[in-house]
Amino acid sequence: MAAFSIRNLEKRYPGAPVPALRDFSLEVGSGELVAIVGPSGCGKSTLLRMLAGLEAETAGEIRLGERVLTGLPPKDRDLALMFQSYTLLPHLSVEENLAFGLKLRGEPRPSRLEKARAIAKTLGIESLLRRLPSEISGGERQRAALGRAILRSPAAFLFDEPLSSLDAQMRLQLRVEIQRLHQRVRVPMLFVTHDQGEALTLGDRVVVLDRGVMQQVASPEELYRRPANAFVASFIGAPGMNLFKGRIETNENGSARFVSPALSYDLTPAQTAAIKPHTAITVGLRPEHLRRADASEALLRGEVTAVERQAGQATLYVQSGDVSFAARVGEDFSARPGDFSGWTFDPAAVSLFAGPGETRIDL
Amino acid sequence: MNRNLFSTMRVRAGITSVAATLVLAALAVAFAFPFVWMLTAGFKPDSAIFNPFPLLPRGLDGRHYRSLLSGEWIPYQRQFLNSLFIASAQTALATGFSCAAGYVFAKFDFRFKRTLFVMAVFTVLIPRQVMVLPLFTWMNDLKLLDTPWAVILPGAATGIGLLWFTAVYHRLPDAIPDMARSEGAEEYRVFWITLPLIKPAIVAFALIQFTLAWQEHLIPLVMLFSPERMTINIGLASLNAGSVRVPYGLLMAGCTLTLIPTTLFFVLAYRHFRAALGKLTEA
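Residues numbered from 1 in each chain as written. Chains lettered and ligands numbered in written order. Predicted model: local features only at pLDDT ≥ 70, side-chain atom pairs only at ≥ 80, totals over all residues. Heavy atoms only, no water.

*Asks:* How would you summarise the overall build of chain A if you had to cite specific residues and measurements?
*Replies:* Counting its regular elements, chain A contains 10 helices and 21 strands. A buried classification covers 50% of the 363 residues belonging to chain A. Total accessible area computed for chain A in this model is approximately 16,100 Å², and 49% of it derives from carbon and sulfur atoms. Across chain A, the mean location of the 44 positive side-chain charges is 6 Å away from that of the 42 negative side-chain charges. (Helix = DSSP H or I, 4+ residues; strand = E, 2+ residues; numbered from the N terminus. Buried < 20%, exposed > 50% of the residue type's maximum accessible area, 1.4 Å probe, protein only. Areas by Shrake-Rupley, 256 points an atom, 1.4 Å probe, with all protein chains shown as cover. Lys, Arg positive; Asp, Glu negative; His and termini not counted. Charge placed at Lys NZ, Arg CZ, Asp CG, Glu CD.)

*Asks:* Could you give an account of the pattern of salt bridges, naming the residues involved and the relevant values?
*Replies:* A complete count under the given rule lists 29 salt bridges over all chains for this structure. Between Arg-143 of chain A and Glu-177 of chain A there is a salt bridge whose closest N-O contact spans 3.3 Å. Of this pair, Arg-143 of chain A sits in helix α5 (residues 138-151) while Glu-177 of chain A is found in helix α6 (residues 168-184), placing the two residues 34 residues apart along the sequence. Note that Arg-360 of chain A and Asp-362 of chain A form a salt bridge whose closest N and O atoms lie 3.6 Å from each other. Each of Arg-49 and Glu-55 of chain A together with Asp-178, Arg-181 and Glu-187 of chain B takes part in salt bridges that share partners, so that together they form one network. (Salt bridge = Lys/Arg side-chain N within 4 Å of Asp/Glu carboxyl O.)

*Asks:* Pulling in residues and values, what's your account of the nonpolar core?
*Replies:* Membership of the largest hydrophobic core comes to 54 residues, with the highest contact counts inside it found for Phe-4, Leu-9, Phe-24, Leu-51, Leu-158 and Leu-190 of chain A together with Tyr-169 of chain B. The greatest single-element share of this core, amounting to five residues, is contributed by helix α1 (residues 44-52) of chain A. For Leu-51 of chain A, the residues in contact, after removing those within four places along its chain, are Phe-4, Ile-6, Leu-9, Ile-62, Leu-69, Arg-77, Leu-79, Leu-158 and Leu-190 of chain A. Membership of the second largest hydrophobic core comes to 34 residues, among which are Met-82, Leu-98, Ala-145 and Ala-149 of chain A. (Core = buried A, V, L, I, M, F, W, Y, C linked by side-chain atoms within 4.5 Å. Contact = heavy atoms within 4.5 Å.)

*Asks:* Can you break down the interface of chain A and chain B residue by residue, with the values?
*Replies:* The partner chain B presents 17 residues to the 22 residues of chain A that form the contact. Both sides together, the interface formed by chain A and chain B hides about 1,700 Å², and carbon and sulfur atoms give 65% of it. Scanning the region where chain A abuts chain B turns up three salt bridges. Residues Glu-186 of chain B and Lys-75 of chain A are paired through a salt bridge, measuring 3.5 Å at the closest nitrogen-oxygen approach. On inspection of chain A and its partner chain B, the count reaches five residue pairs in polar contact (both at pLDDT 80 or more). Elements with a minimum of two residues in the side of chain A that touches chain B: β6 (79-82), α3 (100-104) and α5 of chain A. Broken down by element, the side of chain A that touches chain B gets its largest block of residues, four residues, from α3 of chain A. Split by residue class, the side of chain A that touches chain B holds 12 nonpolar, four polar and six charged. (Buried area = accessible area lost by both parts, 1.4 Å probe. Polar contact = N/O pair within 3.5 Å; in protein donor to acceptor, adjacent residues only side chain to side chain. Nonpolar A, V, L, I, M, F, W, Y, C, P; charged D, E, K, R; others polar.)

*Asks:* How would you summarise unusual backbone geometry if you had to cite specific residues and measurements?
*Replies:* All names here are of chain A. Pro-239 follows Ala-238 through a cis peptide bond whose omega is -5°. Take Pro-239: it is sitting in the loop between α9 (230-235) and β11 (242-250). Positive phi outside glycine occurs at Asn-8, with the angle close to 50°. For Asn-8, a relative accessible area of 41% puts it in the partly exposed group. Phi is positive for Asp-78, close to 60°, though the residue is something other than glycine. Here Asp-78 is to be found in the loop between β5 (67-68) and β6. A relative accessible area of 27% means that Asp-78 is categorised as partly exposed.

*Asks:* Run through the pairing of strand β8 (residues 189-193) of chain A, naming residues and quoting values.
*Replies:* Each regular strand carries side chains that alternate between the two faces of the sheet. All names here are of chain A. Among the five residues that make up β8, five are buried, leaving the element largely enclosed by the rest of the structure. Side-chain alternation along β8 places Met-189, Phe-191 and Thr-193 on one buried face and Leu-190 and Val-192 on a second face that is also buried. Traced from strand β7 (residues 156-160) through α6 to β8, the parallel crossover comes out right-handed. (Right-handed = clockwise from strand over helix to strand, strands pointing away.)

Here it is in structure tokens:
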């Protein structure tokens, strides 16, 4: 099976000051699922629409194996595209909707309906075959849309936020369905979402996009542990990494110290070696890296402004002057909004970002 | 609350509703009366026509209908079919063109789109009477005068239709045509696939278009000359104007029959018509 290869893809809309997508290159192996995540307007849907042929690229090349897709109309690209909105045709039964792609390809009715029934069985919607889309739930509609995409065995799958309009439980079910499909069908898959959690769960690799520029492409773990810049750090994670903007000062003994309004601490020797003194840097700390501490040893202090309980743990939102940060605590915590709290952390666990793009300083 | 005041209010509310009912009833009678008269007059002897009462005729006298359909006054059957052909063809063309144009204006970008749209809208504002003379010379040049096409073609493209279908297609989510494309549909097929989704809007437009075409008086009057090519409303009007003794019973019988197609269309399409005014699309 063929791999997706995207080279220097670019999209400029007439009259727009900046390109919607800039110099985007990516290889998606066959059998690989790459999630593309970013805030709205980052260019992720534009990218997908260009891959599908629904929008013309300004520059760049798209290949699928040996085939050059650039310039081909959507129908000749042999890709399946799944949309956020419901796209079942309202006047056709689920069965006929499933077989729709095959109908367009001129497959005779008995054989295409037979295939539709088979796919409905694997998706667990065989009892809905005779129903109209208006008579089934949103999750079932997206399930049927997925079935329609699977049915004609496309060379690649493109998902444009297909889970976004579903309620939480349906979303979970369909996500599992997509993972199953990913296990079974060894073709490239691209999954666009604005939900970083979804991207991290689904993607073999994850691309983070912001304002049309690729910020990082990495495995979910790498992305979480070693974000390439401050944007990725704050975008990935729920809540994202706490960022403290400050400066590097030099202590009397020669070691370096990070100084900012909310947080000051002595850098580790490795960090000191990697950083020039008197530069502006940003320190990033994951909420789970913060530990409660007594006033005497606390590196961070502030008033708890909100408490968010989750299963087995909780997130505290803490305000320290103008800076707010989040801390993850176990479920045995005792804190209420208004409480004063002190926090400490392992200095080796922090991420450091510096320079105009707030890029990561590797140690 | 004071009991007396309460009952006074109730009485007042009662008076208001009685008054409203009376006014509405009077209006209903005023609107319905001409129709009832027309329906019944077709079955009355000529001598009784100008006396609306008794409203119902004594026994059904089919003589006006027989004489009308025999064609001794006007070629009624022929003209009825002319009207049917002209109205149907015009409705089919106008609906088809408007629908396709609306789809393109709503879903595609192209040069001079705005200008063309504004021009189309302006045609709505130009009265028919202004266009009659140029249309006449055109049809003369095309050698189409005194043929049904001289009446059909001027109404085959309408600015209102473009406005209507552009609005309808704006409401159809882009994901539907995009889905069709990525599932493998040719561009023309994509348009075809969207049609069932806007069926209520199509039926509603066709209904209005058919009614307008059926009632059209000016264009057929100018474009058609021979009696056997006339539309039915011109034919009926000629009964009223041409003869010394106006055959009112016959005229009423003709009017009654002429109402049938539009009424039938309306009854059959009403469900869609209501749906169209409600939400325009089924998506």
